Amino acid sequence: MSNEAKIPYKIYLSEDEIPKQWYNVRADMKNKPAPLLNPGTLNPMSFDELRPVFCDELIKQELDDTTAYIDIPQEIQDFYKMYRPSPLVRAYCLEKALDTPAKIYYKFEGNNTSGSHKLNSAIVQAYYAKQQGLKGVTTETGAGQWGTALSMASAYLGIDCKVYMVKVSYEQKPFRREVMRTYGASVTPSPSMDTEIGRKINAEHPGTTGSLGCAISEAVEVATKTEGYRYVLGSVLNQVLLHQSVIGLEAKAALDKYGIKPDVVIGCAGGGSNLGGLISPFMGEKLRGEQDYRIVAVEPASCPSFTRGKFAYDFCDTGMVCPLAKMYTLGSNFIPSANHAGGLRYHGMSPVLSQLYHDGYMEAISVEQTSVFEAAEQFARVEGILPAPESSHAIRAAIDEALKCKETGEEKTILFGLTGTGYFDMVAYQKFNDGEMSDYIPTDAELEASFAKLPKVD
Ligand SMILES: Cc1ncc(COP(=O)(O)O)c(C=O)c1O
């Protein structure tokens, strides 16, 4: 029997093997991500300036570019045990269907009720809010996975949760909304008429279906104007990538058990949290010069922050109330086409990943929506999991990589992040099945118009 045949379909770790510390990739980066800037003064945001918006402990994590390992509080380790470690799956059936010599592995994060990796950070952020004695948290949600995860975490810890949900998702995904309400959260379609910024955006863009950038502005406004509340964010920020490092640490520990080294690590990229988490220990080795890996971000052609964006300081939100981050961005005014389903509709990208991409440590590609759903369907039919549209961007890239191996005969090992399940995305699947899905790709002129409004920062 070859060594190959001994690798099980699912490589599980024991409960004791769940990481006890998060890994902070910034500690190993020579060029650190640029600091967040105060939108008024354009100076780096200090701890005190961030305090009205974020919880204290999370600000410390946000600003910490040097501590490589940060302890995971015992209560969070215990919560993780309810749904972690998540399985690392060898996609034998997909390999067979593709008739490829490539070996494909995926880390499946859809094993909890929120249906995605977002719970890994939601529980942490809700935990620190509770520790600080706060009454509740506010947030935005696009596709709904993050809002669901935060609702679950807040319910578990007994704090209030107010979610601003991008209007197009609120309308397309009524059941996602009801899950959040079942967990006790209030859910408001964004832009709403409840906030100053929401009223302004509605007046300027009548009939807008919203964007994550708008919803962030509303959630921040409510947090800063309501006593005992702070804002929490499900992606983009350094702290979120830190929490999501459990994905990569577990994946690497499982692969190491069998002496497997991936040649290429692939993840979908919205704001960068799953990708940043999945790649973190691999990137750490790469940054320290210990190993080399190809690392590939996959984004939608409809919202191509890495592949067509500018590396510049920009607002994280449409209302321009949040700090500025240096990142690959399409401009905070960019509102992605409403026909694109899913949570990859954010104009910017994590400053950590942006810096790594800028410095040549990773690649990025963009893929079109119909080809993503073709890959999702192909995967679902052989691997038994109905993938989230976001995750299916990574599936598309992994399948393409495996098909290249078929042509060249190379036996590459591919690892990709399967970030969640798509049960609430059936409107998008229905469009695909009915042949009504289209691929919207922004024109250069549209992007240039948005770039022209980038803030001027020297
Ligand atoms: C299932 C799933 N995967 C991926 C993403 C993209 O987010 P991020 O780039 O932060 O991982 C989302 C965002 O909502 C999601 O719901």
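Since the structure is predicted, the reported quantities are computational estimates derived from the model, not experimental observations. Position numbers for residues count from 1 along each chain, tracking the sequence in the order it is written. Confidence filtering applies because this is a predicted model: local features only for residues at pLDDT of at least 70, side-chain atom pairs given and counted only at 80 or more, and all residues used for totals across whole chains, interfaces and linings. Side-chain measures here rest on the full set of heavy atoms in the structure, leaving out hydrogens and waters.

Some thoughts on the pattern of salt bridges
Here is the rule: We define a salt bridge as a contact between a side-chain nitrogen of Lys or Arg and a carboxyl oxygen of Asp or Glu at a distance within 4 Å. In this description a helix means any DSSP run of H or I spanning at least four residues, a strand means any run of E spanning at least two, and both kinds are numbered starting from the N terminus. Only protein chains enter the accessibility calculation, which uses a 1.4 Å probe; a residue is then buried when its area is under 20% of its type maximum, exposed when over 50%, and partly exposed in between.
Per the stated rule, a full pass over the model turns up 29 salt bridges. The partner of Asp256 in a salt bridge is Lys252, with the nearest N and O atoms 3.1 Å apart. Of this pair, Asp256 and Lys252 both sit in helix H11 (residues 238-257), separated by 4 residues, roughly a single helical turn. Residue classification places Lys252 among the buried positions, given a relative accessible area of 12%. Here Glu401 and Lys412 are joined by a salt bridge, their closest N and O atoms 3.5 Å apart. With a gap of 11 residues between them, Glu401 in helix H16 (residues 389-408) and Lys412 in the loop between H16 and strand S15 (413-418) connect regions that are remote in the sequence. Residues joined in a network through salt bridges with shared partners are Arg294, Glu363, Glu401, Lys404 and Lys412.

Comments concerning the domain arrangement of the protein
The criterion, for reference: As annotated, the domain borders come from an automatic or database domain assignment. Here, two residues are considered to be in contact whenever any of their heavy atoms come within 4.5 Å of each other. A 1.4 Å probe defines the accessible area here, and the buried area is the portion of it lost by two parts on being joined, summed over both.
Along its sequence, the protein is organised into domain 1 (4-18 + 84-115 + 245-451) and domain 2 (21-71 + 117-238). Taking only C-alpha atoms, the centre of domain 1 and the centre of domain 2 are 22 Å apart. The interface of domain 1 with domain 2 comprises 55 residues on the first partner and 53 residues on the second. Of the roughly 4,300 Å² buried between domain 1 and domain 2 on both sides combined, carbon and sulfur atoms contribute 64%. Taken together, domain 1 and domain 2 are joined by 2 salt bridges. Between Asp425 and Lys173 there is a salt bridge, and its shortest N-O distance comes to 2.7 Å. Secondary-structure elements contributing two or more residues to the side of domain 1 that touches domain 2 are H11, helix H12 (273-287), strand S12 (310-315), strand S13 (324-329), helix H14 (351-358) and helix H17 (426-433). Here the side of domain 1 that touches domain 2 takes 7 residues from H12, the largest share from any one element.

So, the environment of Pro191
When you line up the elements, Pro191 lands in the loop between strand S8 (186-190) and helix H9 (196-204). Classification of Pro191 as buried rests on a relative accessible area of 2%. Taking C-alpha positions, Pro191 is 42 Å from Glu15, a pair spaced 176 residues apart along the chain. Ignoring any residue separated from it by four or fewer positions in sequence, one finds Pro191 in contact with Lys167, Gly198, Ile201, Asn202, Thr208, Gly210 and Glu218.

Here's the deal with the site of the ligand
We count it as follows: Near, as used in this document, describes a residue that has one of its heavy atoms within 4 Å of the molecule or strand being considered. Nitrogen and oxygen atoms within 3.5 Å of one another constitute a polar contact, given that in protein one can donate a hydrogen and the other can accept it, and given that sequence-neighbouring residues count only through two side-chain atoms. Only the protein chains shown count as covering a residue, and every accessible area follows the Shrake-Rupley method with a 1.4 Å probe. Gly counts as polar in this scheme, as do all residues outside two lists: the nonpolar Ala, Val, Leu, Ile, Met, Phe, Trp, Tyr, Cys and Pro, and the charged Asp, Glu, Lys and Arg.
Around the ligand there are 17 residues in total, and Ser235, Gly270, Ser273, Asn274 and Thr419 lie nearest to it. The contact in question runs from an oxygen atom of the ligand to an N or O atom on the side chain of Ser235, over 2.5 Å. The separation between an oxygen atom of the ligand and a polar main-chain atom of Gly270 is 2.7 Å. Across the complex, the protein chains shield 97% of the 390 Å² of accessible surface that the ligand would expose by itself. Looking at the shell around the ligand, its residues break down into 4 nonpolar, 11 polar and 2 charged. There are two domains that each give the shell around the ligand at least three residues, and those are domain 1 (4-18 + 84-115 + 245-451) and domain 2 (21-71 + 117-238).

Quick look at H11
Note on helix geometry: an α-helix contains 3.6 residues per turn, so any two residues three or four positions apart are oriented the same way. Rule in force here: Any helix carries an expected span of 1.5 Å times its number of residues minus one. Here the bend at a residue means the angle between the axes of two seven-residue stretches, the one that ends at it and the one that starts at it.
Relative to the 28 Å expected for 20 residues at 1.5 Å per residue, H11 spans 29 Å between its end C-alpha atoms, a close match to the ideal helical length. Along H11, the largest kink reaches about 35° and is centred on Gln244. Across the 20 residues that make up H11, a large majority, 17, are buried. Just past H11, the residue Gly259 takes up positive phi, approximately 65°.

With respect to the sheet that holds strand S6 (residues 136-141)
This is how it is decided: If DSSP finds at least two bridges between two strands, the strands pair. Note on geometry: axes are C-alpha line fits, over the in-contact stretch for helices, and angles between N-to-C directions span 0 to 180 degrees.
Pairing is parallel across the open sheet formed by 4 strands, whose spatial order is S8-S7-S6-S9. In this open sheet, the two strands that pair with only one neighbour each are S8 and strand S9 (229-231). Sheet twist, expressed as the average angle between the axes of neighbouring strands with direction ignored, equals 25°. Summarising the sheet, strand S7 (residues 160-166) and S8 pair through 5 bridges and their orientation is parallel. Residue pairing across strands places Val163 opposite Val187, the latter belonging to S8. Here helix H10 (residues 212-225) sits on the sheet and contacts S6, S7, S8 and S9; the angle it forms with S6, its principal contact strand, is near 165°.

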